[in-house]
Amino acid sequence: LACAAPLAPLACARALSGVGAAFGRNAPRPALRATGAASAPIGSRLALLARLDGVALMTPAAPGTQLRFASKKAGGTSKNGRDSPGKRLGVKKFGGERVIPGNIIIRQRGTKWRPGNNVGLGKDHTIFALVEGNVYFTKTHIRGRRRTICHVLEQGDELVVDAAGNKVAKSVLAAEAAAAAKQAADAGSARAASAL
């Protein structure tokens, strides 16, 4: 349908926009009034309104185009749908297992296990063997908390219990005793020198 020539374009647009707006999608469509369409002249607004009364206006699709509708329900979105692979942390060599220098004993974040004798601590808190031997673990209290300490017992060495009741390698106990004796000797010679 096109507007008649004598109507102003603005008035025609207003007339077309108001027609059919009061009717919903499923509302019944009234038929054209026979009296209004036939009796009013073609160029008048009344004739146009009479012709369009109750007619739903829809612009047809361009020739050759297809209308596409959704065949699947729209899914929601998620802000938390990510994950990262596991880092394979934990103990790699257990108590009593044989290790060679460079073997990784424990991978960890932070120092849940502390380094002891003959082991090193990497910048990512990895505990690794420095000598060939067997792994062993001891428990001790550090700042009021019970901690596990990882050691490597060298070949030919053995575990002994020290005065505090802790299990220590015999070589470590001997080294500590030697260091204490050296310190006492140094203190004695310093006292003797100061007395002169």
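Residues numbered from 1 in each chain as written. Predicted model: local features only at pLDDT ≥ 70, side-chain atom pairs only at ≥ 80, totals over all residues. Heavy atoms only, no water.

K.L.:
An account of the nonpolar core is requested, with residue identities and associated values reported.
P.N.:
Core analysis: the biggest nonpolar cluster contains 11 residues, these being V99, I105, I106, W113, V119, I127, A129, V131, V135, C150 and V152. Those residues within four positions of V119 in sequence are excluded, and the remaining contacts are I105, I127, F128, L130, C150, H151 and V152. Ranked by size, the runner-up nonpolar core spans five residues in total, among them Y136, L153, A169 and V172. (Core = buried A, V, L, I, M, F, W, Y, C linked by side-chain atoms within 4.5 Å. Buried < 20%, exposed > 50% of the residue type's maximum accessible area, 1.4 Å probe, protein only. Contact = heavy atoms within 4.5 Å.)

K.L.:
Describe the sheet that holds strand β5 (residues 119-121), listing the residues and the values that go with them.
P.N.:
As a general point, the strands of a sheet are linked pairwise by backbone hydrogen bonds and lie either parallel or antiparallel. Pairing is antiparallel across the open sheet formed by four strands, whose spatial order is β1-β3-β6-β5. Edge positions in the sheet fall to β1 (90-91) and β5, since each has one partner strand and no second. Where β1 and strand β3 (residues 104-107) come together, two bridges link them in antiparallel fashion. Its bridge partner lying in β3, V91 is registered against I106. (Pairing = 2+ DSSP bridges. Helix = DSSP H or I, 4+ residues; strand = E, 2+ residues; numbered from the N terminus.)

K.L.:
Pulling in residues and values, what's your account of the side chain of T126?
P.N.:
Tracing the backbone shows T126 in the loop between β5 and β6 (127-129). Looking at T126, its side chain comes within polar contact range of the side chain of R107, at 3.1 Å. Those residues in contact with T126 that lie beyond four places of it in its chain are I104, I106, R107, G120 and L121. (Polar contact = N/O pair within 3.5 Å; in protein donor to acceptor, adjacent residues only side chain to side chain.)

K.L.:
So what's going on with the pairing of strand β8 (residues 145-154)? Which residues, and what values?
P.N.:
Of the strand pairs in this sheet, strand β4 (residues 113-115) and β8 are connected by three bridges, and their pairing is parallel. Residue pairing across strands places P115 opposite C150, the latter belonging to β8. When strand β7 (residues 133-142) meets β8, the two strands line up antiparallel, connected through 10 bridges. When the sheet's bridge partners are listed, N134 is paired in β8 with L153. Here β7 hands over to β8 after two residues, with R143 in that stretch at a positive phi of 50°.

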